[in-house]
Amino acid sequence: GNHFVNVTLKNCYVIGIQEDSIKGIFDCGHQMAETYKSGGGVGVDISPLRPKNSPVKNAARVSSGAVNFMDFYSNITGMIGQQGRIGALLLSIDVDHPDVIDFINIKGGDNLDKVRYANVSLKITDKFMQAVVDDLPHELKWGGNVYETIKARDLWQLIMDKAWKRAEPGLLFWDPTLRTYPAAQYAQFVPLCTNPCGELALSHGDSCDLGSINFGKYVRNAWTKDCAFDYKSLCEDVKVAVRFLDNIISLEKSPLDFQQWAN
């Protein structure tokens, strides 16, 4: 109820890059900054951006690629303060995007100055995983065009090597998520990526409204032969917690208008 401080009560939002253009890239950056200013985190999928060396109709003649803008989004995250801490950012890309190898390598090498303020995750498809199992080729494509064909197992090995060395990239198993996500029943729901911690697949403007419950508090007579779990108290507290989180959705003003109507 404090109308003098603009702070979101939700945790994190997903912001979609609405067009493959300088305007689309910078609009997303501005929306990220406004969200961070209010205390929220952001998930952004860079798959809509064309691969490097693709033709563009400007002075550059060719695009610098999707991965080139990861540092831009990362630096925005690092610049906007949130009472002594920085914001949270997750950057994702499709596993069949032609820039996927650069995406994997950007935080997996010895240069630790790149994309310092973001987590990075690959959106993994069933088709890719089956190609790994069967040792089949994997097409890197964008906009309906195949840019390159590589061995799926080679890409998988690169992912594993970098994840072992630097704990990134993370993996978002996207097809199982889409098959099982309850909100998929709504036609207007088009999930783009997840919130920075990966709990929820969200569409443009959607947010995660999270609460936590300490299960340890429901253990009765711990470390004795009479130890038991108090399911009745847990059920009662879950009802209160869900009501509390529903109130946040109903009453809170999101940082940006499109985030408000998305919920």
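Residues numbered from 1 in each chain as written. Predicted model: local features only at pLDDT ≥ 70, side-chain atom pairs only at ≥ 80, totals over all residues. Heavy atoms only, no water.

Caption draft 1: Fine view of the confidence of the model for the protein chain. Taken over all residues, the pLDDT of the protein chain has a mean of 90, while the share at 70 or more is 93%. Per-element confidence in the protein chain ranges from a low mean pLDDT of 80 for helix 8 (residues 257-262) to a high of 98 for helix 4 (residues 126-134). (pLDDT = per-residue confidence, 0-100. Helix = DSSP H or I, 4+ residues; strand = E, 2+ residues; numbered from the N terminus.)

Caption draft 2: Broad picture of the pattern of salt bridges. Inspection of every chain in the model, using the stated rule, returns 15 salt bridges. Between Asp 257 and Lys 253 there is a salt bridge, and its shortest N-O distance comes to 3.5 Å. Residue Asp 257 is classed as exposed on the basis of its relative accessible area of 57%. Residue Lys 253 is classed as partly exposed on the basis of its relative accessible area, which comes to 49%. Taken together, the shared-partner salt bridges connect Asp 45, Asp 94 and Lys 123 into one network. (Salt bridge = Lys/Arg side-chain N within 4 Å of Asp/Glu carboxyl O. Buried < 20%, exposed > 50% of the residue type's maximum accessible area, 1.4 Å probe, protein only.)

Caption draft 3: Spotlight on the sheet that holds strand 1 (residues 12-14). What the six strands build is an open sheet, ordered 7-4-3-2-1-10; its pairing is mixed. Among the strands making up the open sheet, the edge pair consists of strand 7 (170-173) and strand 10 (207-208). Pairing geometry for strand 3 (residues 89-94) and strand 4 (residues 119-124), over five bridges, is parallel. Looking across to strand 4, one finds that Leu 90 is bridged to Asn 119. Along the sheet, helix 1 (residues 22-37) contacts strand 1, strand 2 (41-45) and strand 3; its crossing angle with strand 2, the most-contacted strand, is approximately 160°. Here helix 2 (residues 70-79) sits on the sheet in contact with strand 2, strand 3 and strand 4, set at roughly 165° to strand 3. (Pairing = 2+ DSSP bridges. Contact = heavy atoms within 4.5 Å. Axes fitted to C-alpha atoms, helices over the stretch in contact; angles between N-to-C directions.)

Caption draft 4: Quick peek at the packing of aromatic side chains. Going through the model one piece at a time under the given rule, you end up with six aromatic pairs. Put simply, the rings of Phe 215, Tyr 218, Phe 229 and Tyr 231 pair up and form one aromatic cluster. Sitting over the ring of Trp 174, Lys 123 keeps its end group 4.7 Å from the ring centre. (Phe/Tyr/Trp six-rings, centres within 6.5 Å; stacked < 30°, edge-to-face > 60°. Lys NZ or Arg CZ within 6 Å of the ring centre and 35° of its normal.)

Caption draft 5: Summary view of a nonpolar patch on the surface. A contiguous nonpolar patch, built from Ile 213, Phe 215, Val 238 and Val 242 and spanning about 300 Å² of accessible area, is present on the exposed surface. Here Val 242 falls in the partly exposed class, since its relative accessible area comes to 43%. (Patch = residues over 30% accessible without salt bridge, like charges linked within 9 Å, V, L, I, M, F, W, Y side chains within 5 Å. Areas by Shrake-Rupley, 256 points an atom, 1.4 Å probe, with all protein chains shown as cover.)

Caption draft 6: Molecular detail of the pairing of strand 2. Buried residues dominate strand 2, accounting for five of its five residues. Because side chains alternate across strand 2, one face comprises the buried residues Gly 41, Gly 43 and Asp 45, and the other comprises Val 42 and Val 44, equally buried. As paired strands, strand 1 and strand 2 are joined by three bridges and run parallel to one another. Considered in strand 2, the bridge of Tyr 13 is made with Val 42. Once the chain exits strand 1 it traverses helix 1 before rejoining the sheet at strand 2, and the crossover so formed is right-handed. The sheet contact formed by strand 2 and strand 3 spans four bridges and is parallel. Each residue of the ladder has a partner; that of Val 44, found in strand 3, is Leu 91. (Right-handed = clockwise from strand over helix to strand, strands pointing away.)

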